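An overview of the molecular structure
Residue-level listing of the chains:
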Number of protein chains: 2
Amino acid sequence: MIEKVSIAGSGNVAIHIAPALVHAGVKVVNIYSRNLQHAASLAISVGATPVDQISLLDDNAQLLLVALPDKVIPEFASELKQRGNFNGIVAHTSGSQPLSVLTDHFISTGVFYPLQSFSRFSQPDIKEVPFCIEASNNELAKELSELARRITGNVRFLNSQQRAIVHLAAVFACNFSNHMYALSADILEKEGIKADILQPLIRETANRVGELHPGMMQTGPAVRGDFQTIDSHLKLLEKFPELTPVYLLISKSIAGWESRVKDRITKS
Amino acid sequence: MIEKVSIAGSGNVAIHIAPALVHAGVKVVNIYSRNLQHAASLAISVGATPVDQISLLDDNAQLLLVALPDKVIPEFASELKQRGNFNGIVAHTSGSQPLSVLTDHFISTGVFYPLQSFSRFSQPDIKEVPFCIEASNNELAKELSELARRITGNVRFLNSQQRAIVHLAAVFACNFSNHMYALSADILEKEGIKADILQPLIRETANRVGELHPGMMQTGPAVRGDFQTIDSHLKLLEKFPELTPVYLLISKSIAGWESRVKDRITKS
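What comes next concerns the included structure. Computed from a predicted model, the values in this text were never measured in an experiment. (Residues numbered from 1 in each chain as written. Chains lettered and ligands numbered in written order. Predicted model: local features only at pLDDT ≥ 70, side-chain atom pairs only at ≥ 80, totals over all residues. Heavy atoms only, no water.)

Scanning chain A for helices and strands turns up 10 helices and eight strands. For chain A, the spread of C-alpha atoms along the principal axes amounts to about 70 × 45 × 30 Å. Burial analysis of chain A (268 residues in total) assigns 56% to the buried set. By sequence separation, contacts in chain A at least 24 residues apart represent 57% of the contacts at least 6 residues apart. Accessible surface, chain A as shown: approximately 11600 Å² in total, 51% of it carbon and sulfur. (Helix = DSSP H or I, 4+ residues; strand = E, 2+ residues; numbered from the N terminus. Buried < 20%, exposed > 50% of the residue type's maximum accessible area, 1.4 Å probe, protein only. Contact = heavy atoms within 4.5 Å. Areas by Shrake-Rupley, 256 points an atom, 1.4 Å probe, with all protein chains shown as cover.)

Right under this line is the structure:
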């Protein structure tokens with residue numbers, strides 16, 4: 001059982017995972033960051049020792065969680081191999097990096113990817129966050145999933161290819177929907193209407209995502225083929241020339257989804 | 001004070017508003033539907049009398065709420081004028097129909113528009129639903145807002161032009177974001193991954209909408225200018241040819257928003 005963990009990184013992922021581990025009774029040994037102050041401020045809150053050099057990582061930890069920005073992980077892995085004397089499991093927390101960025105350098109490797117957008121703005125309940133596990137062998141996958149189960153009720157096994165697909169799907173479901181919220185706020189603010197008027201509707205739409213395929217719950221003029229309303233929206237959009245192509249393309253995509261997918265789902 | 005209300009319609013809006021009125025101590029007099037069975041099943045649950053003919057509407061009600069599909073409202077209004085002997089206030093519950101569809105026929109008219117997507121799939125808390133009020137005179141606007149305040153904590157005054165803008169913004173924030181959920185579910189299901197893996201992330205993204213402009217909380221490769229990830233996503237999307245134009249256009253729109261709007265908001 002994994003009882004001692006070090007974390008490389010002091011950003012949003014590290015800030016949320018470190019206290020969850022401590023809460024689950026896991027000892028956090030080191031927090032590593034190139035910036036010692038950043039390492040220290042997180043380390044203090046979880047009773048760990050901050051380090052700013054890879055060579056200072058305590059070999060006492062069974063697992064090093066690499067919670068660094070995606071781009072930095074390959075470079076960090078090769079540095080860790082060169083300078084470190086760390087012999088435990090090395091696992092990263094990235095959705096987009098394959099496991100191979102670690103297997104190139106180490107024997108016992110894994111992925112420990114929390115599928116959530118952590119930020120200063122909110123505190124999602126970590127017990128509901130899906131943790132996506134992958135490892136260089138089955139025994140290790142079991143160990144990492146056991147660790148994950150101590151902090152969440154939602155553990156999934158995904159290989160690197162599946163994780164890449166989940167990451168892509170999350171861009172649609174979250175990054176793109178957030179952009180739709182942004183465009184709607186622009187429209188409202190330009191007309192002097194407080195954007196919070198849409199808050200309950202936005203939350204209800206998101207909360208409805210569940211058992212049924214979201215396409216089956218699609219509402220609005222595009223899915224109804226209500227061209228009268230679409231025309232009146234296009235007229236209002238004359239004030240927002242950048243938004244017209246977005247409105248048209250997504251409306252077309254909704255109509256296309258209806259004819260392409262809905263029948264198949266209904267029949268299955 | 002409005003104490004007696006009749007409702008034309010037995011669809012999702014009527015089904016949610018009628019019991020909320022009863023709960024607030026308002027007497028629901030009649031439920032009208034062309035289909036008497038539909039009228040009856042709602043009427044029974046709120047202690048009202050079902051009617052399937054306009055001429056049967058009891059003149060005893062002070063307000064007739066027209067909760068019919070948007071398209072049908074103009075026709076219903078002219079029929080009500082011709083055949084009805086109803087002398088109270090006539091108000092509709094539509095986001096997209098202007099007040100003028102009623103003022104053309106009646107003296108005391110209004111709009112009583114709940115900005116929420118009601119469905120069989122969920123039970124949003126009506127106390128948080130924004131009710132958008134408009135009326136043919138100030139006294140009436142006050143009366144309708146007082147009625148709304150008995151069922152919700154969120155009452156707004158919007159004229160017909162503003163309500164059309166809100167309706168347009170809701171298409172972006174809700175219809176379009178729901179379509180993004182649908183596309184992400186398609187991507188996951190094609191790869192054999194259960195779509196519920198994204199549920200916590202979708203909810204967190206929606207729940208974060210609040211004080212800050214959503215554009216300020218944008219995450220993902222497009223806002224980071226991370227072309228390496230965008231390229232890898234486009235490669236994965238080769239299996240989903242219909243989704244590539246959507247991915248590209250929204251990514252471009254996110255990047256454009258950053259350069260166009262973010263500076264302005266930050267400075268203000």
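Having seen it, we continue.
This part takes up the relation of the copies chain A and chain B. Superposing chain A onto chain B takes a rotation of 180° combined with a translation of 0.0 Å along the rotation axis, leaving an RMSD of 0.0 Å. Put plainly, the chains are arranged around a two-fold axis. In terms of C-alpha distance to the rotation axis, chain A has Ser177 of chain A as its closest residue, with the C-alpha 2.2 Å off the axis. A share of 100% of the interface residues of chain A reappears at the interface of chain B, consistent with the copies meeting face to face through the same patch. (Least-squares fit on C-alpha atoms with pLDDT ≥ 70 in both.)

Residues and elements named next belong to chain A. Between its terminal C-alpha atoms helix 6 (residues 160–190) stretches 44 Å, which fits the 45 Å expected from 31 residues at 1.5 Å a residue. Roughly 35° is the biggest bend found in helix 6, and it falls at Val171. Burial analysis of helix 6 places 26 of its 31 residues in the buried class, which makes it a mostly covered element. Of the residues that open helix 6, the one with a side-chain oxygen 3.2 Å from the backbone nitrogen of Gln161 is Asn159. (Expected span 1.5 Å × (residues − 1). Bend = angle between axes of the 7 residues up to and from the residue. Polar contact = N/O pair within 3.5 Å; in protein donor to acceptor, adjacent residues only side chain to side chain.)

Time to look at the pattern of salt bridges. Residues and elements named next belong to chain A. For the coordinates displayed, the defined rule picks out 20 salt bridges over all chains. Here Lys194 ties to Asp196 by a salt bridge, and the two come within 3.7 Å at their closest N and O atoms. The class of Lys194 is exposed, set by a relative accessible area of 60%. One network of salt bridges, with partners in common, ties together Arg34, Glu75, Glu79 and Arg83. (Salt bridge = Lys/Arg side-chain N within 4 Å of Asp/Glu carboxyl O.)

Take the interface of chain A and chain B next. Taken together, the contacts link 89 residues of chain A with 89 residues of chain B. Taking both partners together, chain A and chain B bury about 8500 Å²; carbon and sulfur atoms supply 68% of that area. The tally of links between chain A and chain B comes to two salt bridges. Where chain A packs against chain B, one counts 29 residue pairs in polar contact (both at pLDDT 80 or more). (Buried area = accessible area lost by both parts, 1.4 Å probe.)

A few words on the sheet that holds strand 5 (residues 89–92) of chain B. Residue and element names in this part refer to chain B. Reading across the sheet, the eight strands line up as 3-2-1-4-5-6-7-8 and stay open at both edges, with mixed pairing between neighbours. The open sheet is flanked by strand 3 (49–51) and strand 8 (155–157), the only strands paired with a single partner. The mean inter-strand angle of the sheet, taken between neighbouring strand axes irrespective of direction, is 25°. As defined by bridge partners, strand 2 (residues 27–32) adjoins strand 3 across three bridges and the pair is classed as parallel. From the neighbouring strand, Asn30 faces strand 3, where its bridge partner is Thr49. Its contacts with the sheet place helix 5 (residues 138–149) against strand 1 (4–8), strand 4 (63–66), strand 5, strand 6 (109–114), strand 7 (131–135) and strand 8, and it is angled at close to 160° to strand 7. Set on the sheet, helix 6 (residues 160–190) makes contact with strand 5, strand 6, strand 7 and strand 8; between it and strand 6 the angle comes to about 20°. (Pairing = 2+ DSSP bridges. Axes fitted to C-alpha atoms, helices over the stretch in contact; angles between N-to-C directions.)

Let us look at the nonpolar core. Ranked by size, the top nonpolar core spans 83 residues in total, and within it Phe172, Ile197 and Leu198 of chain A together with Phe172, Ile197 and Leu198 of chain B carry the most contacts. If sequence neighbours within four positions are ignored, Ile197 of chain B has contacts with Leu115, Pro130, Cys132, Arg156, Leu158 and Val166 of chain A together with Leu188 of chain B. (Core = buried A, V, L, I, M, F, W, Y, C linked by side-chain atoms within 4.5 Å.)

What follows is about the packing of aromatic side chains. What the rule picks out here adds up to 10 aromatic pairs over all chains. Arranged with centres 5.9 Å apart and planes meeting at 50°, the rings of Tyr247 of chain A and Phe172 of chain B form a pair that is tilted. Highlighted residues: Tyr247 of chain A in helix 10 (residues 244–267) and Phe172 of chain B in helix 6, drawn from two different chains. Like Tyr247 of chain A, the residue Phe172 of chain B is buried in the burial classification. Arranged with centres 5.5 Å apart and planes meeting at 45°, the rings of Tyr32 of chain B and Phe76 of chain B form a pair that is tilted. Here Tyr32 of chain B, found in strand 2, pairs with Phe76 of chain B, found in helix 3 (residues 73–83); they are 44 residues apart in sequence, far enough to count as distant. Here Tyr32 of chain B matches Phe76 of chain B in class, with each residue buried. (Phe/Tyr/Trp six-rings, centres within 6.5 Å; stacked < 30°, edge-to-face > 60°.)

Now for the environment of Thr244 of chain B. With respect to the element layout, Thr244 of chain B can be found in helix 10 (residues 244–267). With 125 residues separating them along the chain, Thr244 of chain B and Ser119 of chain B place their C-alpha atoms 31 Å apart.

It is worth spelling out the packing of helix 7 (residues 199–207) of chain A against helix 6 of chain B at this point. Axis separation between helix 7 of chain A and helix 6 of chain B bottoms out at 10 Å; the angle between their running directions is 15°. The orientation of helix 7 of chain A relative to helix 6 of chain B falls into the category roughly parallel. Relative to helix 6 of chain B, the crossing made by helix 7 of chain A is right-handed. Contact residues: Leu201, Ile202, Thr205 and Ala206 of chain A in helix 7 of chain A; Ala170, Ala173, Cys174, Ser177, Asn178 and Tyr181 of chain B in helix 6 of chain B. Across the contact of helix 7 of chain A with helix 6 of chain B, the residue classes break down as seven nonpolar, three polar and no charged. (Parallel < 35°, antiparallel > 145°, perpendicular 65-115°, else oblique. Left-handed = near helix turned anticlockwise from the far one by under 90°. Nonpolar A, V, L, I, M, F, W, Y, C, P; charged D, E, K, R; others polar.)

So, on to the sheet that holds strand 2 (residues 27–32) of chain A. Residues and elements named next belong to chain A. Across the sheet, which stays open at both edges, the eight strands sit in the order 3-2-1-4-5-6-7-8 with mixed pairing between neighbours. Strands at the two margins of the open sheet, each flanked by one partner only, are strand 3 (49–51) and strand 8 (155–157). The mean angle between the axes of side-by-side strands here comes to 25°, regardless of whether they run parallel or antiparallel. Bridge count between strand 1 (residues 4–8) and strand 4 (residues 63–66): four bridges; the pairing is parallel. Residue pairing for strand 4: Val5 is matched across the bridge by Leu63. Seen against the sheet, helix 5 (residues 138–149) touches strand 1, strand 4, strand 5 (89–92), strand 6 (109–114), strand 7 (131–135) and strand 8 and runs at an angle of roughly 160° to strand 7.

Honestly, that's just the spatial picture; any functional story needs more than this.
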